[in-house]
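# Report on the structure
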Amino acid sequence: MIDILYFPIWWYTIGLIKRLKGFIDNLNYLSRYLAIKILLANLFKPMFGQYSWQGRIISFFMRILQLAFSLVVFVLGTIFFLAILILWIVTIPIAVIQIIRLASLF
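Here is a short report on the structure shown in this document.

Calculation criteria
- Residues numbered from 1 in each chain as written.
- Predicted model: local features only at pLDDT ≥ 70, side-chain atom pairs only at ≥ 80, totals over all residues.
- Heavy atoms only, no water.
- Axes fitted to C-alpha atoms, helices over the stretch in contact; angles between N-to-C directions.
- Helix = DSSP H or I, 4+ residues; strand = E, 2+ residues; numbered from the N terminus.
- Parallel < 35°, antiparallel > 145°, perpendicular 65-115°, else oblique.
- Left-handed = near helix turned anticlockwise from the far one by under 90°.
- Contact = heavy atoms within 4.5 Å.
- Nonpolar A, V, L, I, M, F, W, Y, C, P; charged D, E, K, R; others polar.
- Expected span 1.5 Å × (residues − 1).
- Bend = angle between axes of the 7 residues up to and from the residue.
- Buried < 20%, exposed > 50% of the residue type's maximum accessible area, 1.4 Å probe, protein only.

### Focus: the packing of helix α1 (residues 2–12) against helix α4 (residues 53–105)
- One way to put it is that α1 packs onto α4 with a least axis distance of 10 Å and a crossing angle of 155°. As judged from the angle between their axes, α1 and α4 are roughly antiparallel. When you trace α1 past α4, the crossing you get is left-handed. Contacts between α1 and α4 involve F7, P8, W10, W11 and Y12 from the former and W88, I89, T91, I92 and P93 from the latter.
- Of the residues in the contact of α1 with α4, the class split is nine nonpolar, one polar and no charged.

Have a look at this one:
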């Protein structure tokens, strides 16, 4: 019985801290997976050793496209992970409201 009373406290303290750490870890993993820092660092370097001016121009625009795609995926991933975090926060209030609404029917 005491566990039921302790559950909301755990949910908004230790559980929420774990969820926040998971959110930050997921963003770090997504950033590393998409290699955004590497793309920014190598933005002006030619690809595949093509040091001619044509190779530099093509490489620059290819890296811009790659960076734009990576940023779009990163923003979508951030929105997804943020939605999960918000869902974690609002789950108990929604459950309590639904229980009260259901109890009021009887």
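### Details of α4
- The end-to-end C-alpha distance of α4 is 75 Å, a good match for the 78 Å that 53 residues give at a rise of 1.5 Å each.
- By the largest-angle criterion, V90 marks the main kink of α4, which is about 40°, and a proline, P93, follows within four residues.
- Listing the buried residues of α4 in full gives G55, S59, R63, L67, S70, G77, F81, L85, W88 and I92.
- If you follow the buried residues of α4, they end up packed against α1, α2 (14–34) and α3 (36–41).

### Comments concerning the environment of F74
- Along the polypeptide, F74 turns up in helix α4.
- Looking at F74, the relative accessible area reads 22%, which means it is partly exposed.
- Along the primary structure F74 and I94 are separated by 20 residues, whereas in three dimensions their C-alpha atoms are 29 Å apart.
- Among all residues touching F74, those that are not within four sequence positions of it are L27, L30, S31, L34 and I36.

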